[in-house]
Amino acid sequence: MIRKIFLAMVFATLMPVVAMAQSSMTDAQIIEFVQKEQKAGTSQGQIVTKLMQKGVTVDRLRQVRKKYEKMGGQSAQGATDLSDKSDRSRKPKATQNDQNVSPYRMTDANMQNTYDEKDAAWNEMRTELGDFMPDSLGMFDREMEQMYRNQRRVFGRDIFNNKNLSFEPNMNIATPQNYVLGPGDQVFVDVYGASQKNVETTVSPDGYINIEGYGPVAVSGLTVAQATSRLRSTLGQRYAGSSIKLTIGETRSIMVNVMGEVRVPGTYTLSAFSSVFHALYMAGGVSDIGTLRDIKVYRKGKLVSSVDIYDYILNGKLTGNVKLSDNDVIVVGTYDCLVNVTGKVKRPMFYEMKKDESLGTLLKYAGGFTGDAYRNTVRVTRKAGKEYSVWNVTEFDMNEFKLCDEDSVSVDSVIARFENIVELRGAVLRPGMYQIGEKVTTVRDLLNIADGLQDEAFTDHIILHRMREDHTLEVLPLNLTAILNGTDADIPLQSEDVVFIPSKEERNKNQVLKIYGEVYYPGQYQYAEGMTVEDFILQAGGLKESAAKNKVTISRREVAQGQATTDKKGNTQVARGTRAKTFEIEIKDGFVLDGNEGFKLQPFDEVYVNKNPEYREQASITVEGEVMGEGTYSLSSDNTRVSDVLAMCGGVTAQAAKNGAYIMRKFNSEEERRRLTTLDKTRASWAYALSNGAQMTTDAKLRYPDSLLVERDMREDCYKLAVNLQKSLAEPGCVDDVILRDGDRLIVEPMQNTVRISGSVPYANAVPYVEGKMAKYYIQQSGTRGRKNRKWAYVVYQNGSSAMVRDGAKIEPGCEIILPERSTASNTTQNVSLIVSLLTSLATVGAVIVSVLK
């Protein structure tokens, strides 16, 4: 409000000065200024004010807009007006939609900003500015909108703020015969019949129309019918034998004053067909304290109509919405009574009430009660007198109870509790909730209405849950079998009783059997009465070939009392009893157990079928590479070694590398467990080293080979086992002659005559092997000089084994020399810590492999 008053004062002060000022801004400067202000978050209203202060006129801004549209291709160039010049249809006049109506009318149907900027030049400039540079930010507008939404909503108050409901009159309806002509009306006089003549004229300010060839004729103040009659009597002698008809074209504009509690009070130029509703729409609707129930229309000082907007909204009646005349005055007073209704009504909000309207009328305005409303009593909170007061109005007094301003009406909901219900659950044909009353009074009646029991119902013991008067739950066990037989008396039911009938299936569904060991489908099974061990084993798929038939163990739950003892102090203690009882049975031919068929199982029994210790499945290995006979070979014993298999395949070829044999072996369950443990430790060591400042470069895999092992082992399910081929062939059965196991792949690499150098070297390559040369010679072949890099260099042989150069590793044909990346001095300490931790993990991996070899 303060901002509005301030702007009005600024406009009133600066407008005369601005009108005389000549702007020195160029077109480009005006566009640049507007764009800059919009980016800064300035609203359009503030931009218009600044432009006017700089001397920019409406005409100048209109020129800039046209130039801007031409630059952006937004206007149609060279367009030709093809409209019919003789068109008599009425066009909406340029009313004050673009002038008097607040320029801040929101697009939201429920929002109308209360700005009332009335300065014509300011409004016109803002319209021109909005046409080619819309206010995309509208920061202040959104603030006002949010403030409005935070206020209380009054039913019907936003009807005149809806852009889709403007109440604008239809200009092309047939002209009413009682329409009174006045200055500014466009008149068409048609003469047809013996003579043909068309006259188009406008009623002059003095009230005359000019007929060519005849002269002026007074028509102002006459209705259409009266004016037609006058023309016929005046022109009838000249146009004898012809018909004369007067019609209205464009109607005149009228001036209407809208005063009182509206958002933009003032004088409005409207169509002569306009009604009270359209005038209120042009004024922005009623204000926050304006009335919707008694809007008065005065004509020449006399009250001609009283409008009740609720009558239109709720009943569709346009009573009082009269056609306006020139100089009519519409007065919107303040409301008399505003009442808030909350709770279980269909339209809870504020309503404007008349003084003589009752609580029943308010409930009708609110759409009536919802389905879950408590209708017997409505609570009214009154803020009148010295203190607040509360009134509980019964349904019989609602039409008599009168409301006061600021009353608050609250409609409660019904209590979420049943008053006539009994529920039936369990093994019945139609479980659910039932009405307790004439047909259902006892347990027997409830079963009859539910169509009886299911076949698996367990009727010896049922449960009745009953709510006591103190709302605590009571459980009543009943014998339904005795009730149905007439042995026990039938039990009367009460509201909110719950009857539960268990089923035999539910009783037995937790009774299970378990089987473990050498059967095809071990696991848990449902217990069935009379099931034998033979039946259970067959249900589990039968025995495997590896099953030990001499012993099947059954474990059965045993509840035994422990022995009671008394200590010196007189305290009695009971030792725990036996947990389970076991039975051992031998399987014989024909599936007879111990010579007796049908060992009966009991609920929760567990059957164990052990594995035959002498059972062995066939085992084989695959031999590949430089051998005389590649293929798959059977392991005849558990101690078959590399030398034995090489003898089976005919030995190695002449091209076999002396130190180029290795085994690819899959992890067994124990090795897999230890491998995962080792990898977890390696990750932890690596993370610890990194957290202490060690820098891992992209060449870390070459610097630390065990990091490569970590990543590789995460993906692969086998590992590489080095084989000393020469010793295995020379000394069969020695320690280096590895014992093979099922699934191994023995690979013999071909002999090579090169040595490869890789890692942190200028040029990674392979050079010919020279007998007797040390590692230094081959490292120099890659362009590396100095001794620092050779400190951590290591050699990887064809069979996968490795050795450090500094430990005197021997260079052999086909090996590879790897030089880790050289560490910087600043990271030496951290990298040493990292190497130590990683080598520890590598040692753990080595321990796993050694344990496998043993």
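Scroll up for the structure.
Residues numbered from 1 in each chain as written. Predicted model: local features only at pLDDT ≥ 70, side-chain atom pairs only at ≥ 80, totals over all residues. Heavy atoms only, no water.

*Asks:* Hey, could you run me through the overall build of the protein chain in this one?
*Replies:* If you tally the helices and strands in the protein chain, you get 21 helices and 37 strands. Residues counted as buried form 41% of the 854 residues belonging to the protein chain. When contacts within the protein chain are restricted to residue pairs at least 6 apart in sequence, long-range pairs at least 24 apart make up 65% of them. Of the roughly 48100 Å² of accessible surface on the protein chain, 50% is carried by carbon and sulfur atoms. (Helix = DSSP H or I, 4+ residues; strand = E, 2+ residues; numbered from the N terminus. Buried < 20%, exposed > 50% of the residue type's maximum accessible area, 1.4 Å probe, protein only. Contact = heavy atoms within 4.5 Å. Areas by Shrake-Rupley, 256 points an atom, 1.4 Å probe, with all protein chains shown as cover.)

*Asks:* I'm lost on the packing of aromatic side chains in this one. Help?
*Replies:* For any pair of aromatic rings, geometry is given as the distance between the ring centres together with the angle between the planes. What the rule picks out here adds up to twelve aromatic pairs. Here the aromatic rings of Phe160 and Phe277 are separated by 5.9 Å at their centres, their planes lie at 70 degrees, and the arrangement is edge-to-face. One end of the pair, Phe160, is in the loop between helix H6 (139-150) and strand S1 (186-193); the other, Phe277, is in helix H8 (residues 276-282), with 117 residues separating them in the sequence. Each member of the pair, Phe160 as well as Phe277, is classed as buried. One aromatic cluster is present, built from ring pairs that chain together Phe155, Tyr310, Tyr351 and Tyr365. Lys720 extends its terminal NZ or CZ atom over the ring of Tyr662, reaching a point 4.2 Å from the ring centre. (Phe/Tyr/Trp six-rings, centres within 6.5 Å; stacked < 30°, edge-to-face > 60°. Lys NZ or Arg CZ within 6 Å of the ring centre and 35° of its normal.)

*Asks:* I would appreciate a short explanation of helix H2 (residues 27-39) in the present structure.
*Replies:* Every α-helix winds through 3.6 residues per turn, so residues three or four apart in the chain are directed the same way. Look at H2: 19 Å from first C-alpha to last across 13 residues, which is about the 18 Å you get at 1.5 Å a residue. Taken as a whole, H2 has its buried residues at Asp27, Ile30, Ile31, Phe33, Val34, Glu37 and Gln38. End-on view of H2: buried residues confined to an arc of 160 degrees, all on one side of the axis. Across H2 from its buried face, at more than 90 degrees, point the exposed residues Ala28, Glu32, Lys36 and Lys39. (Expected span 1.5 Å × (residues − 1). Arc of directions from axis to C-beta.)

*Asks:* So what exactly am I meant to see when it comes to the pattern of salt bridges here?
*Replies:* Counted under the stated rule, the structure contains 23 salt bridges. Between Asp185 and Arg252 there is a salt bridge, with its nearest N and O atoms 2.7 Å apart. Linking Asp185 in the loop between H6 and S1 with Arg252 in the loop between strand S5 (242-248) and strand S6 (253-260), this pair joins segments that are 67 residues apart in sequence. Residue Asp185 shares its accessibility class with Arg252, and that shared class is buried. With a shortest N-O distance of 3.0 Å, Arg425 and Glu423 are connected by a salt bridge. One salt-bridge network, held together by shared partners, links Arg293, Asp308, Lys354 and Glu357. (Salt bridge = Lys/Arg side-chain N within 4 Å of Asp/Glu carboxyl O.)

*Asks:* Got a minute to help me understand the sheet that holds strand S10 (residues 329-334) in this structure?
*Replies:* In any sheet, the strands associate via hydrogen bonds between backbone groups, in a parallel or an antiparallel arrangement. With mixed pairing, the five strands of this open sheet are ordered in space as S7-S6-S10-S8-S9. Here the strands that pair on one side only, and so sit at the sheet edges, are strand S7 (266-271) and strand S9 (302-307). If you compare each strand with its neighbour and ignore which way they point, the axes differ by 25 degrees on average. As paired strands, S6 and S10 are joined by four bridges and run parallel to one another. Bridge pairing in S10 links Met259 to Val331. (Pairing = 2+ DSSP bridges. Axes fitted to C-alpha atoms, helices over the stretch in contact; angles between N-to-C directions.)

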